[in-house]
Amino acid sequence: MRQAARLATGLALVGALGVQAAIQTVTRTGEYLYTADGNRFYIKGVAYQEQGVVIASASNPSGEPSTYTDPLANGTAASVTCTIFKQLGVNTIRAYSVDFSLNHDTCMQLFSGAGIYTVIDLSLPVNGSINRDAPAWTTDLLDQYIETINVFSKYPNVLAYNVGNEVVFYANETAAATFVKAAARDVKAYLNSISSTALVGYAAIDADPSWLYPLAQYFSCDVTGTNSGATAIDLYGLNNYQWCGNSTFEASYASTETLFSTYNVAAYFSEFGCPETVRYWTEVAALLSSDMSPVWSGGIAFSYFPATSAQGSFGMVTINADDTVTVSQDFTNLAAQYNAATPPNSPTQSGLQLRTYPACPAQSTDLLASTTLPPTPNLSACTCLENNLSCQFTPSTSNYSAIVGSLLDYGCSLLGQAGGTCAPISANGTTGVYGELSACDPTVMLSWVMSQYYLDNNNNAQACSFGGNGTVNSNAPSGTSAANAAATSCLASATGASVPTLPAGGSSSGGGSSGSGSGSGSGSGSSGGAVAVDARTLFGIVTSVVAVVVGGLWTLA
């Protein structure tokens, strides 16, 4: 069956939405979600993100996109989509990439009026996320996350912010979780500081239970062992595609339900929907039933827009040239399942016995992540350091993402040959050892490396050039001792955890302005499909540098 929803229908809905009651706040109590009136809340959701450009390569086995279009900045499309969503029976959408410099008022207000909540991923393709191959938690990423939250904080229908999506693919990548947990800690601290009720989430890839559940426990544990939720996520998402065809709870979900039976925070399927020629969505009846309600609070069906991956093709609608939306049999089947689902309204919020935040699971071959987390990135400290460095990165090209990684590699090799080290810019999520500069923007790291080489070569201006990409800072302290003292002073406060603040010059709540105040990694302010600096290039060197004994170079002691 196919239908077409025209723009006029969507616009008619706009007027109707204006008289609806305000959307209820959803909060977490223990391992469940509840609306403000005390009713259990279940996510009946759909993934709402057009697929960006996917560049197939050996380094991109999962087909991750390299570009994006902000789905919450298109008010015209939202007016149509609200009609479609009401037919589909959804109460939540998940947006994977948004641009904080754009205006989202129309979309968010329309969705709020229709009773639709949003789960917003804070990461961006390529550059704006924690890189599983060379993980780091840095000022540019923190600024991007905080800017996004600040823009969306005025909307009452933001259910949660995800600090990562499938950052860990395999057990030998679980050290990256240390940086994800630090991101969750800092985002939660910022949300608390602005009195936001939005939840902090993470979406995990489905994996072998031997490391899937220990990793889930790590995200919801207390690193201090004092039953504190300061470093724990609020909402765990599992991208689960186990149910295919007309399966059964016992065959597809029972083992997962058992595995998470004692989990201490709210959980949902952040993606579901096995890619088949026709999807019947019979898993909805199981997911929103008493069989799974003890652990799971619904899920997000993937995907509203057409999408392809290594696993297959997805999509429920086709957007036509005349602004009509043609829905597929996938859509019709999911609508029937969502509209028929009546999950149990239990346990009651008032009678719930809260679970504690457990101590973190021990490190093992299945869980490499340390309980010593990276510090909160400190922009003012990194900026102070950059201003005092003897040699500063001044790229000869606007596309500096193409050269930062290679220059870092080259500079660290030069320091190593001289008996020096790049340890101050390195971070290790297994040992829990983080260099003094490891939370700074990669361009600051490069300026530091250049300065080390410049000082080691008796302040020879040519040693600062790096192919015309470095400039001697005439305002820097003179000599290694003075430079070392200035750096130590700048970085004195850049330790431990702290409450992040909006960067100076950052966008005010409501969007429409640009600039994160931190340099790279914040996306473009001109288009929802823009791509900024490539962090896989920027950070590639950080974990590959071998630290050697310091030999007379600036050590930030």
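Because the structure is a prediction, the values reported are computed rather than measured.

1. Notes on the overall build of the chain
Looking only at helices and strands, one finds 16 helices and 19 strands in the chain. For the chain, the residues scored as buried account for 57% of the 557 residues in total. The long-range fraction of contacts in the chain, counting pairs at least 24 apart against all pairs at least 6 apart in sequence, stands at 81%.

2. Describing the side chain of Glu31
Position of Glu31 among the secondary structure elements: in the loop between β2 (26–29) and β3 (32–35). A distance of 3.2 Å separates polar atoms of two side chains, one belonging to Glu31 and the other to Arg355. With near-sequence residues (within four places) excluded, Glu31 lies in contact with Tyr263, Asn264, Val265, Ala266, Ala267, Val295, Ser297 and Arg355.

3. So, the sheet that holds strand β8 (residues 199–205)
Read around the closed barrel, 8 strands run β4-β5-β6-β7-β8-β9-β10-β11, paired in parallel fashion. Ignoring which end each strand starts from, the neighbouring axes of this sheet average 25 degrees apart. Pairing analysis gives 4 bridges linking strand β4 (residues 43–47) to strand β11 (residues 296–301), with the strands arranged parallel. What sits directly across from Val46, in β11, is Ala301.

4. Observations regarding the packing of helix α2 (residues 75–88) against helix α3 (residues 105–113)
The description of two helices packed together rests on the angle between their axes and the distance between the axes. Axis separation between α2 and α3 bottoms out at 8 Å; the angle between their running directions is 15 degrees. Considering the angle they form, α2 stands roughly parallel to α3. Note that α2 runs across α3; the crossing there is right-handed. When α2 is examined against α3, the residues Gly75, Ala78, Ser79, Cys82 and Phe85 are found in contact with a partner set consisting of Thr106, Cys107, Leu110 and Phe111. Its residues assigned to classes, the contact of α2 with α3 shows 6 nonpolar, 3 polar and no charged.

5. Overview of the confidence of the model for the chain
When pLDDT is averaged along the chain, the result is 87, and 86% of the positions lie at 70 or above. Within the model, the stretch residues 1–20 combines pLDDT values under 50 with 40 contacts to residues more than four positions away or in other chains.

6. Points about the pattern of salt bridges
One pass over the full model with this rule turns up 8 salt bridges. For Glu271, the salt bridge goes to Arg94, with nearest N and O atoms at 3.8 Å. In this pair, Glu271 sits in strand β10 (residues 266–272) while Arg94 sits in strand β5 (residues 92–95), placing the two residues 177 residues apart along the sequence. Here Arg185 makes a salt bridge to Asp186, at a shortest N to O gap of 2.8 Å.

7. Here we look at the packing of aromatic side chains
Taken as a whole and judged by the stated rule, the model has 30 aromatic pairs. On the basis of an interplanar angle of 90 degrees and a centroid distance of 6.1 Å, the ring pair of Phe169 and Tyr170 is categorised as edge-to-face. Taken together, the aromatic side chains of Tyr213, Tyr236, Trp243, Tyr253, Phe260, Tyr263, Phe269 and Trp296 make up a single cluster linked through ring pairs. Geometry around Phe169 places Arg132 over its ring, the cationic atom sitting 3.8 Å from the centre. The ring of Tyr218 carries Lys181 above its face, with NZ or CZ at 5.3 Å from the centroid.

8. Section: the pairing of β8
Among the 7 residues in β8, 6 count as buried, and that is most of the element. Sheet analysis places strand β7 (residues 158–165) next to β8, joined by 4 bridges and oriented parallel. Of the residues in β8, the one forming a bridge with Tyr161 is Val200. Crossover handedness for the path β7 to helix α5 (residues 177–193) to β8: right-handed. Taken together, β8, helix α6 (residues 209–220) and strand β9 (residues 235–239) constitute a β-α-β crossover, and its handedness is right-handed.

9. Describing the packing of helix α12 (residues 401–417) against helix α13 (residues 442–456)
The contact between α12 and α13 brings their axes to 9 Å, and the two run at 30 degrees. Taken together, the axis directions place α12 and α13 in an arrangement best described as roughly parallel. When the axes of α12 and α13 are compared, the crossing they make is left-handed. Touching Val404, Leu407, Leu408, Gly411, Cys412, Leu414 and Leu415 of α12 are Pro442, Met445, Leu446, Val449, Met450, Gln452 and Tyr453, all from α13. Among the residues forming the contact of α12 with α13, the class breakdown is 12 nonpolar, 2 polar and no charged.

10. Points about unusual backbone geometry
Phe302 connects to Ser303 through a cis peptide bond whose omega is 5 degrees. Mapping Ser303 onto the fold places it in the loop between β11 and β12 (307–309). Phi angles above zero are rare outside glycine, and Phe466 is one such case at about 50 degrees. Positionally, Phe466 belongs in the loop between α14 (461–465) and β19 (470–472).

11. Regarding the pairing of β9
In terms of burial, β9 is a largely internal element, 5 of the 5 residues being buried. Neither face of β9 is left uncovered, since the one carrying Leu235, Gly237 and Asn239 and the one carrying Tyr236 and Leu238 both have all their residues buried. In the sheet, β8 pairs with β9 via 5 bridges, with the strands oriented parallel. Opposite Ala204, over in β9, you have Leu238 as the bridge partner. Pairing analysis gives 4 bridges linking β9 to β10, with the strands arranged parallel. Across the sheet, the residue bridging to Asn239 is Glu271, located in β10.

12. Examining helix α4 (residues 139–152)
An ideal rise of 1.5 Å per residue puts 20 Å on 14 residues; α4 measures up with 20 Å between its terminal C-alpha atoms. With 14 of 14 residues buried, α4 is to be regarded as a mostly interior element.

13. Remarks on α6
Residue pairs spaced three or four apart in an α-helix point in one direction, given the helix's 3.6 residues per turn. A rise of 1.5 Å per residue sets the reference length of α6, with its 12 residues, at 16 Å; its end C-alpha atoms lie 16 Å apart and thus fit the reference within 8%. Taken as a whole, α6 has its buried residues at Trp211, Leu212, Tyr213, Pro214, Leu215, Ala216, Tyr218, Phe219 and Ser220. Residues of α6 that are buried sit in contact with α5, β8, β9 and α8 (254–259).

Cut-offs applied
Residues numbered from 1 in each chain as written. Predicted model: local features only at pLDDT ≥ 70, side-chain atom pairs only at ≥ 80, totals over all residues. Heavy atoms only, no water. Helix = DSSP H or I, 4+ residues; strand = E, 2+ residues; numbered from the N terminus. Buried < 20%, exposed > 50% of the residue type's maximum accessible area, 1.4 Å probe, protein only. Contact = heavy atoms within 4.5 Å. Polar contact = N/O pair within 3.5 Å; in protein donor to acceptor, adjacent residues only side chain to side chain. Pairing = 2+ DSSP bridges. Axes fitted to C-alpha atoms, helices over the stretch in contact; angles between N-to-C directions. Parallel < 35°, antiparallel > 145°, perpendicular 65-115°, else oblique. Left-handed = near helix turned anticlockwise from the far one by under 90°. Nonpolar A, V, L, I, M, F, W, Y, C, P; charged D, E, K, R; others polar. pLDDT = per-residue confidence, 0-100. Salt bridge = Lys/Arg side-chain N within 4 Å of Asp/Glu carboxyl O. Phe/Tyr/Trp six-rings, centres within 6.5 Å; stacked < 30°, edge-to-face > 60°. Lys NZ or Arg CZ within 6 Å of the ring centre and 35° of its normal. Right-handed = clockwise from strand over helix to strand, strands pointing away. Expected span 1.5 Å × (residues − 1).

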